[in-house]
Amino acid sequence: ESTGLIYRKRIAICQNVVPEILRKVSILKVPNVQLEEESWLSLQERNMAIRSHCLTWTQYASMKEESVFRESVENPN
C-alpha cells in the first residue's frame, strides 16, 4: 500500500481441452493446464499491467502475454 501499487500473483488451473485423439501423444495427456498471472494495479495512475505465461508443457514450448490497460481519453470511467 505504501507504493500505491496492488500486486497479485495467481495460478489458474483449467481443464485440458485438447481433443482425445491428440492425447495419444503422451505430452498432451495431462488432466489440467496451468497458467500463472501477475498483475500490478496503480489506482493513482489509473492503469493496470498484466503478465501471464503457461506453466504446462514449458519444456516443449512457451507462451507469454503482456497487457497494459489505461484510462480511455474518450471514456475516463
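Residues numbered from 1 in each chain as written. Predicted model: local features only at pLDDT ≥ 70, side-chain atom pairs only at ≥ 80, totals over all residues. Heavy atoms only, no water.

The name given to the protein chain in an unreviewed UniProt entry is PRELI/MSF1 domain-containing protein, and the organism recorded there is Neotoma lepida.

Right, let's get into the sheet that holds strand β1 (residues 5–15). Strands sit in the order β1-β2-β3-β4 across an open sheet of four strands; the sheet is antiparallel. The open sheet is flanked by β1 and β4 (64–70), the only strands paired with a single partner. Adjacent strand axes in the sheet meet at a mean angle of 15 degrees, parallel and antiparallel pairs treated alike. The sheet contact formed by β1 and strand β2 (residues 32–42) spans eleven bridges and is antiparallel. (Pairing = 2+ DSSP bridges. Helix = DSSP H or I, 4+ residues; strand = E, 2+ residues; numbered from the N terminus. Axes fitted to C-alpha atoms, helices over the stretch in contact; angles between N-to-C directions.)

What follows covers the packing of aromatic side chains. Inspection of every chain in the model, using the stated rule, returns one aromatic pair. With a centroid separation of 5.5 Å and an interplanar angle of 50 degrees, the aromatic rings of Y7 and W40 are classed as tilted. With Y7 in strand β1 and W40 in strand β2, this residue pair connects regions lying 33 residues apart in the sequence. Note on W40: relative accessible area 26%, which makes it partly exposed. (Phe/Tyr/Trp six-rings, centres within 6.5 Å; stacked < 30°, edge-to-face > 60°. Buried < 20%, exposed > 50% of the residue type's maximum accessible area, 1.4 Å probe, protein only.)

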